[in-house]
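Now for the letters of each chain:
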Amino acid sequence: MSWIDLLRMGASNLKRRKLRTFLTVLGVVIGTASIVVMVSLGLGLQKSVYDEMEQSGGLTTMSVTGGESVGDGMMYDSSNSGDSDDKSKYIDDNCVKKFGELEHVKASVPVYETSGILLKGKYEGYCSLYASTPEGLKMRDIKLAEGGRLPKSGTGKLDLVYGNNVITNFSERGNNSSGYWETGELPDIDLMKDSMFLILDQDAYYNSQNSGGFQADAASGSDGQSTSNTPASAKKHIVTASGVVAGGVDDYNSNSYYVFCDLETLKQIVKKEFSGRVIPGQPSTKSGKAYKEFYYSSAQVKVDDMSNVNEVAARIREMGYNVQTNAEYMESMKKQLAIIQAVLGGIGAISLIVAAIGIANTMMMSIYERTKEIGVIKVLGCSLKNIKQMFLIEAAFIGLLGGIAGNIISFVMSGVINMVTAQSSVMGVEGNISYIPLWLVLVSLGFAMLVGMLAGYFPALRAMKLSPLAAIRSE
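Everything quoted here is computed from the prediction, not taken from an experiment. (Residues numbered from 1 in each chain as written. Predicted model: local features only at pLDDT ≥ 70, side-chain atom pairs only at ≥ 80, totals over all residues. Heavy atoms only, no water.)

Chemist: What exactly am I supposed to notice about the overall build of the chain here?
Modeler: Of the regular secondary structure elements, the chain holds 13 helices and 14 strands. Expressed as a percentage of the 475 residues in the chain, the buried residues total 48%. Taking the intrachain contacts of the chain between residues at least 6 apart in sequence as the baseline, contacts between residues at least 24 apart amount to 78%. A total of about 22900 Å² of accessible surface is found on the chain, and carbon and sulfur atoms cover 57% of it. (Helix = DSSP H or I, 4+ residues; strand = E, 2+ residues; numbered from the N terminus. Buried < 20%, exposed > 50% of the residue type's maximum accessible area, 1.4 Å probe, protein only. Contact = heavy atoms within 4.5 Å. Areas by Shrake-Rupley, 256 points an atom, 1.4 Å probe, with all protein chains shown as cover.)

Dropping the structure here:
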């Protein structure tokens, strides 16, 4: 008996028992859809981690700090608790230069992080400032909305790139319950078009508020001119946007809540404003005085190849600095993601195992109903191998049909999940929380067919062992 004949007979036998076949296939559909959707959730989380890793420089980038963090991200030598005059382990321009001279290092850029307050009309909002060189900002892989560009260096003007979620930090001045997360309404601010005031000396700003010291020049219009009250002692810097990170307020990525600016421009501003005082995020001497040098929160070091990351990281650690590499972080994440995927896949596999029991039951019932048919084809000379193949093909058909339908339903469910979770940014995951690659579709189809054939194997063996004469005599 040829394979075409076996396929034709298998399809014909399934058609004769439409309801039973439908119910059996339905079990496989549910099982396949369950396992695909469960695994897709783990894959979506994994893809999100990889994408976020690319935004922070990829697996060849590492972050170098001088110790534990203080205040707005300034690093200090933990052995001195931040009160020592020992400056050897702070990140300065010389350190950044030394890192860049190491073998296998492609680029070394400084990063200075601090915080500020943005003012616009009746609104104020906290912001996290991330300042770096043009090269350093490019390493962040910041995806900008249409019409945006990264801040330029050497202009003397502080241009900002706002994260797409920065606008949610604004609330009406003096009314913290009027923000987006409390009311669900965004403030009347256009980040790209409106100029604003940036307050860097937050202590002076809040002290003036508490003491009632205001002057009539706080909020800026589109031309940067003041329109209302602000603390007289808090210096205000007029800032405009050069770009906004792509995405809406419900889209999250590693750049969403940062405000990016050029490092040299910000350094000039803070040095002038805090002349003779300790700049926010900078260390101080035992007597509380500011250092003459400017120190950075961290340095971003990019290596030429992932295979050299550990070697470069070891050298920098030998120099006395702390190093966090994306590759090391990814290794730890892979272990956690593998556990998550195994758990989710196991939950889905339970449904497919139940479906396998249904296939075995269907095939056993089919043998009992077709006992005489089996006896006839044996008497006509059909080999035992062909009989086994016929039943295995029928079981594989059930698995294939269920797998195809299950994958179609999986794509529908995945789309619904992504549409629903996109409104709430579940777990802070950027993009789709459910991701179904082509290989998962193919593997699930193959697995469904394999489960069907395994479930039909023992019924096929029983059909092979039937006595031809006894089978013909049966009613």
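Chemist: Honestly, the layout of surface pockets in this entry has me stumped. Any pointers?
Modeler: In this approach the atoms are scanned with a rolling probe the size of a water molecule, which exposes any empty space left behind. Here the second largest pocket is characterised by a volume of approximately 220 Å³. Residue lining of the second largest pocket: 16 residues in total, with Arg277, Ile279, Ala290, Tyr291 and Lys292 positioned closest to the centre. Looking at side-chain class alone, the lining of the second largest pocket contains nine nonpolar, three polar and four charged residues. (1 Å grid on protein atoms, 1.4 Å probe; cavity = no way out; pocket = protein on both sides within 12 Å on 5 of 7 lines; lining within 4 Å. Points joined across faces, edges and corners; volume = space filled by probe spheres on them. Nonpolar A, V, L, I, M, F, W, Y, C, P; charged D, E, K, R; others polar.)

Chemist: What's the story with the pattern of salt bridges in this structure? I'm lost.
Modeler: Here the idea is simple: oppositely charged side chains can pair when their charged atoms come close. For the structure on display, the rule yields eight salt bridges. Across the pair Arg315 and Glu103 runs a salt bridge, and its minimum N-O distance is 3.5 Å. Of this pair, Arg315 sits in helix α8 (residues 309-318) while Glu103 sits in the loop between α3 (93-101) and β4 (105-120), and the two are 212 residues apart along the sequence. Given a relative accessible area of 48%, Glu103 falls into the partly exposed group. With its nearest N and O atoms 3.9 Å apart, the salt bridge here joins Arg173 to Glu124. (Salt bridge = Lys/Arg side-chain N within 4 Å of Asp/Glu carboxyl O.)

Chemist: Help me out: how do you make sense of α3 in this one?
Modeler: Because an α-helix completes one turn every 3.6 residues, residues spaced three or four positions apart along the sequence face the same direction. Within α3, the full set of buried residues consists of Cys95, Val96 and Phe99. One face of α3 carries all of its buried residues, which in axial projection span an arc of 100 degrees. In α3, those exposed residues whose orientation departs by more than 90 degrees from the buried face are Asn94, Lys97 and Glu101. Where the residues of α3 are buried, they touch β1 (61-65), β4, β13 (298-303) and α8. Measuring from the backbone nitrogen of Asn94 back to the side-chain oxygen at the start of α3 gives 3.2 Å, which picks out Asp92 as the cap. (Arc of directions from axis to C-beta. Polar contact = N/O pair within 3.5 Å; in protein donor to acceptor, adjacent residues only side chain to side chain.)

Chemist: How do you make sense of the side chain of Lys267 when you look at a structure like this?
Modeler: Considering the arrangement of structural elements, one finds Lys267 in helix α7 (residues 263-273). Taking the relative accessible area as the measure of exposure, Lys267 reaches 6% and is therefore buried. Once you skip the residues sitting within four places of it in the chain, Lys267 turns out to touch Asp93, Phe294 and Tyr296.

Chemist: Even after reading the chapter, I still don't get the pairing of strand β8 (residues 196-199), so can you show me in this structure?
Modeler: On a regular strand, one side chain projects to one face of the sheet and the next to the other, so that they alternate. Side chains Met196 and Leu198 project from β8 onto one buried face, and the interleaved Phe197 and Ile199 project onto a second face that is buried too. Of the pairings in the sheet, the one linking β4 to β8 comprises three bridges and is antiparallel in character. Residue pairing in the sheet places Leu118 in a bridge with Leu198 of β8. Sheet topology note: the β8/strand β11 (residues 236-244) ladder contains four bridges and is antiparallel. (Pairing = 2+ DSSP bridges.)

Chemist: Would you take a moment to explain the environment of Thr32 for this structure?
Modeler: Inspection of the secondary structure puts Thr32 in helix α2 (residues 18-55). The exposure class assigned to Thr32 is buried, which follows from its relative accessible area of 1%. Residues Thr32 and Ile404, spaced 372 residues apart in sequence, show a C-alpha to C-alpha distance of 8.7 Å. Contacts of Thr32, omitting those with residues within four sequence positions, involve Leu352, Gly402, Gly403, Gly406, Asn407, Ser410, Ser444 and Ala448.

Chemist: Just checking my understanding: could you explain empty space enclosed by the protein for this structure?
Modeler: In the structure shown here, the tally under the stated rule is one cavity of 30 Å³ or more. Of the voids in this model, the largest cavity is the one considered here, and its volume is about 70 Å³. Along the wall of the largest cavity there are ten residues; nearest its centre are Asn13, Leu14, Arg17, Thr362 and Ser366. Residue assignment for the lining of the largest cavity shows that the elements contributing at least two residues are α1 (3-16), α2 and α9 (326-369). Taken together, the residues that form the lining of the largest cavity break down as two nonpolar, four polar and four charged.

Chemist: Before we go on, may I ask you to explain the packing of aromatic side chains in this structure?
Modeler: Each aromatic ring pair is described using two quantities: the centre-to-centre distance and the angle formed by the ring planes. A full pass over the atoms with the stated rule returns eleven aromatic pairs. These aromatic residues form a ring-pair network of at least three members: Tyr90, Tyr291 and Tyr295. Over the face of the ring belonging to Tyr130 we find Arg140, whose NZ or CZ atom lies 4.8 Å from the ring centre. (Phe/Tyr/Trp six-rings, centres within 6.5 Å; stacked < 30°, edge-to-face > 60°. Lys NZ or Arg CZ within 6 Å of the ring centre and 35° of its normal.)

Chemist: Sorry, what's going on with a nonpolar patch on the surface here?
Modeler: Judged by side-chain polarity, Ile404, Ile408, Val412, Val416, Met419 and Val420 come together as a nonpolar surface patch covering roughly 570 Å² of accessible area. In this fold, Val412 is placed in helix α11 (residues 384-421). (Patch = residues over 30% accessible without salt bridge, like charges linked within 9 Å, V, L, I, M, F, W, Y side chains within 5 Å.)

Chemist: Sorry, what's going on with α8 here?
Modeler: Along α8, the residues that are buried comprise Val309, Val312, Ala313 and Ile316. Projected down its long axis, α8 carries its buried residues within an arc of 100 degrees, all on one side. Of the exposed residues in α8, the ones pointing more than 90 degrees away from its buried face are Asn310 and Glu318.

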